[in-house]
Amino acid sequence: MKKTRAQSARTAPVAASTADNNDDVSERIRATLAAAIGEGALKPGTKILEEAIAEHFGVSRTVVRGALGVLESDHLLERKRNRGTFVAEPGIEQAKNLFEARRKIEALLLELVVERATSEQLEALEKLADEEEHIHHHGDEKSKTVLSGKFHIVLAEIAGNPVLTEMLAKIVARLSLVMSLYEEEHKDDCGADHHRMIVAAIKEKDLTKAQQLMDHHLADIEGRVRLTEGHGDRHTFLSVLENFS
């Protein structure tokens, strides 16, 4: 039986509302998993349980798969045939490419920041570095990691180019997986001193110095990983032993 125009008009808004709600929940699922991956709560190789996510958020698995698909396109998750979806495990070449891309983008962002940053924005960056220093002495490892990454994203936002900011944010998220897999030397610092020196160079409008300091800072981060065959597998295996012993 055909619907009357009045019936169709009543149905359409309901359908649209449901679709909007599903989109909202899908974004919440994506953001939740991305945060958990970035903060190291979900380790590389961890299986993603679609049914558990669907139950927790009160949605269908179709909605869940939509969120997982976005994370797959961002290379934070990977689907393995007949096995399911897992937190991605970046290979050595991929890790090297990510580090290289980050260096190039951060250097370019500094050009824009030196050109465009206001005194108020730089003061906010200094306060963020001070907060890092406080967390370094009084906070937990999770807080240190989150705040250190935040400095770079805020710096990118000051550059005023949303495309570059989005690119950097995705690279930083993927590098969190690299660090989780390959980090060998864990230093008890959050880069606050480096960040503070970078801000000082920006305030002086000294682009060359700011870029050199940033390059040194990123080299320090890269120096904590050992990108050799089997090291990632060893790291994952040791994590399992720690969790079950």
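Structure: above.
Read on for an overview of the structure. Sequence order as written defines the numbering, with residues in each chain counted from 1. Per-residue local features of the predicted model are confined to residues with pLDDT of at least 70, and side-chain atom pairs are confined, for both listing and counting, to 80 or more; whole-chain, interface and lining totals are unaffected and use all residues. Hydrogens and waters are ignored; side-chain quantities use all the structure's heavy atoms.

Points about the pairing of strand β3 (residues 84-87)
The condition that has to hold: Two strands form a pair only when DSSP identifies at least two bridges running between them. Only DSSP runs of H or I covering at least 4 residues are called helices, and only runs of E covering at least 2 are called strands; the numbering of each starts at the N terminus.
Relative to β3, strand β1 (residues 47-48) is paired through 2 bridges, and the arrangement is antiparallel. Bridging from a neighbouring strand, K47 pairs with F86 of β3. Examined bridge by bridge, strand β2 (residues 77-80) and β3 share 4 bridges and lie antiparallel to one another. Among the inter-strand pairings, L77 is bridged to a residue of β3, identified as V87. Linkage of β2 to β3, two consecutive antiparallel strands, is achieved through a turn of 3 residues, within which N82 is found at a positive phi near 65°.

Examining the packing of aromatic side chains
Note the cut-off: For Phe, Tyr and Trp, rings pair up if their centres lie within 6.5 Å, where Trp contributes its six-membered ring, and each pair is then called stacked (planes under 30 degrees apart), edge-to-face (over 60) or tilted (otherwise). Criterion for a charge above a ring: Arg CZ or Lys NZ at most 6 Å from the ring centre, at most 35 degrees from the ring normal.
Within the structure shown, the criterion is met by 0 aromatic pairs. We note K80 situated over the ring of F86; from NZ or CZ to the ring centre the distance is 4.8 Å.

Let's talk about the sheet that holds β2
Note the threshold: Here, two residues are considered to be in contact whenever any of their heavy atoms come within 4.5 Å of each other. Angles run from 0 to 180 degrees between N-to-C directions of axes, and those axes are lines fitted to C-alpha atoms, restricted for helices to the stretch in contact.
Taken together, the 3 strands give an open sheet; going across it, the order is β1-β3-β2, and neighbouring strands pair in antiparallel fashion. Single-partner strands in this sheet number two, and they are β1 and β2. Each of β1, β2 and β3 touches helix α3 (residues 61-73); the most contacted strand, β2, lies at about 110° to it.

Concerning the environment of E222
Considering the arrangement of structural elements, one finds E222 in helix α9 (residues 207-222). Taking the C-alpha atoms as reference points, E222 and A95, separated by 127 residues in sequence, lie 9.8 Å from one another. Beyond its immediate chain neighbours, meaning those up to four positions away, E222 contacts F99 and R103.

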